[in-house]
Amino acid sequence: MVVDSTTNKALITIGLDTGGPGGYQFLDLGGTPTFESPIPAGGDTSENISIDPVRHLVLSPNEASNYQLVNITTATPALFNNQLEGGTLDSAAEDCTTGIALATDEGTGDLFIADLTQALLTPGTPAGTWTDTGSQFQTFPEFEGFSAGTNGIAVAPGTHLGIVTGEFGGDLEGVIQLPATSGSGVPAVVDWVAFTVPSPPAPEEGWSQGFDPHTVTAYVSPNSNKAYAVLENGDFSFVAIVDLQGLLSAPRTGHVVNSPLPAGLVTFIAE
């Protein structure tokens, strides 16, 4: 599920007998909450979709290597598929200030990156296609040690900072800094670090990242204007609040933050 604050609607992924196996359905949160008609995806949806409220697109990369975009500006939403050559795409995220979209690639240390301002969308029935010369898979050797590879991902709104996580346990995660501009060339992450989440307070013994659906999001604090990620422990005992810029600026060796982490970069809240 994801919420589009510009329309006050929540979007959930569902199963469909007709036009599926996956689909999308909006829930209008205004007044009396009402479900809108389902949107058949014509295939599997992503484990974690995202919404671009600027370009009014749903981003849905799935494990069959298809990165689907859904244009929701039209009366009948229009689907566009980009069948990539390989990649077990697990989650979507986007820097909506630049239109640079992302997908994780389960089992690897890779991320798929695409500049949507350069994307060519070709209409079709029941789905069109999209291609993008400004796209690539970028490899991060430091992320290959994540539990099950790159899986969860989120970008703090209004920033170029994001979080990347594994799944099914593990305490090694990553922070990425995206380019500040788009519109030409092939985008690439400009800086990144892997870091080890410290152990939460007793009686917990070490951090274990949550399972599917990926327990991660990112936000900008209205108090400090700093970008943070929120992670959840696999047993739902603690959430970890992660200072994204703080980790990028912390003492490091190459693209790995030195342990132990400086105080205050990761804090815990008991659930």
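Refer to the preceding data block for the structure.
A brief report on the enclosed structure follows. (Residues numbered from 1 in each chain as written. Predicted model: local features only at pLDDT ≥ 70, side-chain atom pairs only at ≥ 80, totals over all residues. Heavy atoms only, no water.)

Description of the overall build of the protein chain
Along its length, the protein chain carries one helix and 25 strands. In terms of C-alpha radius of gyration, the protein chain reaches 18 Å, essentially the compact-globule figure of 18 Å for 271 residues. Its C-alpha atoms give the protein chain principal-axis dimensions of about 55 × 45 × 35 Å. Per-residue burial for the protein chain yields a buried fraction of 49% across its 271 residues. Of the contacts made within the protein chain by residues no fewer than 6 positions apart, 51% connect residues no fewer than 24 positions apart. Roughly 11600 Å² of accessible area belongs to the protein chain as shown, and the carbon and sulfur atoms make up 55% of that amount. Considering the protein chain, the positive charge centre built from 4 side chains and the negative charge centre built from 30 side chains are found 14 Å apart. (Helix = DSSP H or I, 4+ residues; strand = E, 2+ residues; numbered from the N terminus. Rg over C-alpha atoms; globule rule 2.2 N^0.38 Å. Buried < 20%, exposed > 50% of the residue type's maximum accessible area, 1.4 Å probe, protein only. Contact = heavy atoms within 4.5 Å. Areas by Shrake-Rupley, 256 points an atom, 1.4 Å probe, with all protein chains shown as cover. Lys, Arg positive; Asp, Glu negative; His and termini not counted. Charge placed at Lys NZ, Arg CZ, Asp CG, Glu CD.)

Digging into the sheet that holds strand β12 (residues 110-115)
Spatial strand order, β10-β11-β12-β15: four strands in an open sheet with antiparallel pairing. If you trace the sheet from one side to the other, it starts and ends with β10 (89-95) and β15 (135-139), each paired once. Direction aside, the axes of adjacent strands within the sheet are offset by 25° on average. By the bridge criterion, five bridges tie strand β11 (residues 100-105) to β12 in an arrangement that is antiparallel. Paired with alanine 101 across the two strands is alanine 114, which belongs to β12. (Pairing = 2+ DSSP bridges. Axes fitted to C-alpha atoms, helices over the stretch in contact; angles between N-to-C directions.)

Observations concerning the packing of aromatic side chains
With the rule as written, the count across this model stands at ten aromatic pairs. Geometrically, the ring pair formed by phenylalanine 140 and tryptophan 192 is edge-to-face, given 5.0 Å between the ring centres and 85° between the ring planes. Placement of phenylalanine 140 in the loop between β15 and β16 (152-155) and of tryptophan 192 in strand β19 (residues 191-196) is noted, with a sequence separation of 52 residues between them. Centre to centre, the rings of phenylalanine 143 and phenylalanine 146 are 4.8 Å apart; their planes meet at 25°, and the pair counts as stacked. Taking relative accessible area as the criterion, phenylalanine 143 reaches 0% and is therefore assigned buried. Taken together, the ring pairs connect Tyr67, Phe112, Trp130 and Phe137 into an aromatic cluster. (Phe/Tyr/Trp six-rings, centres within 6.5 Å; stacked < 30°, edge-to-face > 60°.)

So, the side chain of glutamine 138
Structurally, glutamine 138 can be placed in strand β15. On the basis of relative accessibility, which here comes to 11%, the residue glutamine 138 falls in the buried class. A polar contact of 2.8 Å, which involves the side chain of glutamine 138, links it to the backbone nitrogen of valine 189. Residues in contact with glutamine 138, not counting those within four places in the same chain, are Gly109, Asp110, Leu111, Ile113, Ala188, Val189 and Trp192. (Polar contact = N/O pair within 3.5 Å; in protein donor to acceptor, adjacent residues only side chain to side chain.)

Some details on the pairing of strand β20 (residues 216-220)
Where β20 and strand β21 (residues 227-232) come together, five bridges link them in antiparallel fashion. Of the residues in β21, the one forming a bridge with alanine 218 is alanine 229. Here β20 folds back onto β21, and the loop between the two strands holds six residues, one of which, asparagine 225, carries a positive phi near 60°.

Thoughts on the side chain of threonine 104
Tracing the backbone through its elements, the reader meets threonine 104 in strand β11. Separated by 3.1 Å, the side chain of threonine 104 and the backbone nitrogen of serine 91 make a polar contact. Other than its neighbours up to four places away in sequence, threonine 104 contacts Thr88, Leu89, Asp90, Ser91, Asp110, Leu111, Thr150, Asn151, Gly152, Ile153 and Val164.

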